[in-house]
Amino acid sequence: MPGLEDLYREIILDHYRSPRNRGELPPPAHKAEGHNPLCGDEITVFVQLDGDVVSDVKVSGQGCSISQSSASMMSQAIKGKSLDEVRALVHRFKVMMSIEEDADDAAAPTVKLGDLEALQGVVKFPVRIKCATLAWNTLVEALEN
Ligand code: ZN
């Protein structure tokens, strides 16, 4: 019977081999490029907003399995969500990665990390945390552009 770590590894590899929402979006989609020089990861995030809702998201780039699978899971998690939900999700993810304090926000109980929980083991490897969070920092930047 496979353990939780095997299950998590399977989820990460599945997203790495079959990345979701791969591609690009034309302007006026929000766009930002992220780079993690420590590992050589590159990610470009495209976000199309329809009012307050993420109506479409695409990700392109290359790098290690952690960075690319995190980007794939992120794209899946934010599609169709409101900006408030996206911000809450970014926060929950950063809490899981131990780079933000739990703000005890009201939205927290409703935020579901889903597949993203597979990345929680990364916390044990501080150097890989930058790989896991690259897509998220790039997403935040894209939404500000
Ligand atoms: Zn990496």
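Draft legend 1. Region of the structure containing the coordination of the zinc ion. Looking at the metal site, the zinc ion is ligated by Cys39 (SG), Asp41 (OD), Asp41 (OD), Cys64 (SG) and Cys131 (SG), spaced 2.1 to 2.8 Å from it. When the donor residues of the zinc ion are listed from N- to C-terminus, their spacing reads C-x1-D-x22-C-x66-C. Of the two residues, Cys39 is situated in the loop between strand S1 (30–36) and strand S2 (41–50) and Cys64 in the loop between strand S3 (53–62) and helix H2 (65–78); the sequence distance between them amounts to 25 residues. With relative accessibility at 15%, the residue Cys64 sits in the buried group.

Draft legend 2. Focus on the packing of aromatic side chains. The tally for this structure, following the rule as stated, stands at one aromatic pair. With centroids separated by 4.4 Å and ring planes inclined at 10°, the aromatic side chains of Phe93 and Trp136 adopt a geometry described as stacked. Separated by 43 residues along the polypeptide, Phe93 in helix H3 (residues 83–96) and Trp136 in helix H4 (residues 126–144) bring together distant segments of the chain. Phe93 sits in the buried class, given a relative accessible area of 0%.

Draft legend 3. Unusual backbone geometry, seen in detail. Pro27 connects to Pro28 through a cis peptide bond whose omega is 10°. Here Pro28 lies in the loop between helix H1 (4–17) and S1. Of note in the backbone geometry, Asn21 takes a positive phi value of approximately 55° without being a glycine. Taking the relative accessible area as the measure of exposure, Asn21 reaches 16% and is therefore buried. The backbone of Ser98 shows a phi angle near 60°, a positive value even though the residue is not glycine. Tracing the backbone shows Ser98 in the loop between H3 and H4.

Draft legend 4. Main features of the packing of H3 against H4. Packing of H3 against H4 brings their axes to within 11 Å, and their N-to-C directions diverge by 150°. Put simply, H3 runs roughly antiparallel to H4. When the axes of H3 and H4 are compared, the crossing they make is left-handed. Contact with H3, carried on its side by Leu83, Val86, Leu89, Val90, Phe93 and Lys94, involves Ala132, Thr133, Trp136, Asn137, Leu139, Val140 and Leu143 of H4 and no other residues of that element.

Draft legend 5. Examining H3 more closely. For H3, which comprises 14 residues, the first-to-last C-alpha distance of 20 Å matches the rise-based estimate of 20 Å (1.5 Å per residue) to within 8%. In terms of burial, H3 is a largely internal element, 11 of the 14 residues being buried. Looking only at H3, the buried set comprises Leu83, Val86, Ala88, Leu89, Val90, His91, Arg92, Phe93, Lys94, Val95 and Met96. Lining the buried residues of H3 we find S2, S3, H2 and H4.

Conventions used here
- Residues numbered from 1 in each chain as written.
- Predicted model: local features only at pLDDT ≥ 70, side-chain atom pairs only at ≥ 80, totals over all residues.
- Heavy atoms only, no water.
- Donors = N, O, S within 2.8 Å, 3.2 Å for Na, K, Ca; no water.
- Helix = DSSP H or I, 4+ residues; strand = E, 2+ residues; numbered from the N terminus.
- Buried < 20%, exposed > 50% of the residue type's maximum accessible area, 1.4 Å probe, protein only.
- Phe/Tyr/Trp six-rings, centres within 6.5 Å; stacked < 30°, edge-to-face > 60°.
- Axes fitted to C-alpha atoms, helices over the stretch in contact; angles between N-to-C directions.
- Parallel < 35°, antiparallel > 145°, perpendicular 65-115°, else oblique.
- Left-handed = near helix turned anticlockwise from the far one by under 90°.
- Contact = heavy atoms within 4.5 Å.
- Expected span 1.5 Å × (residues − 1).

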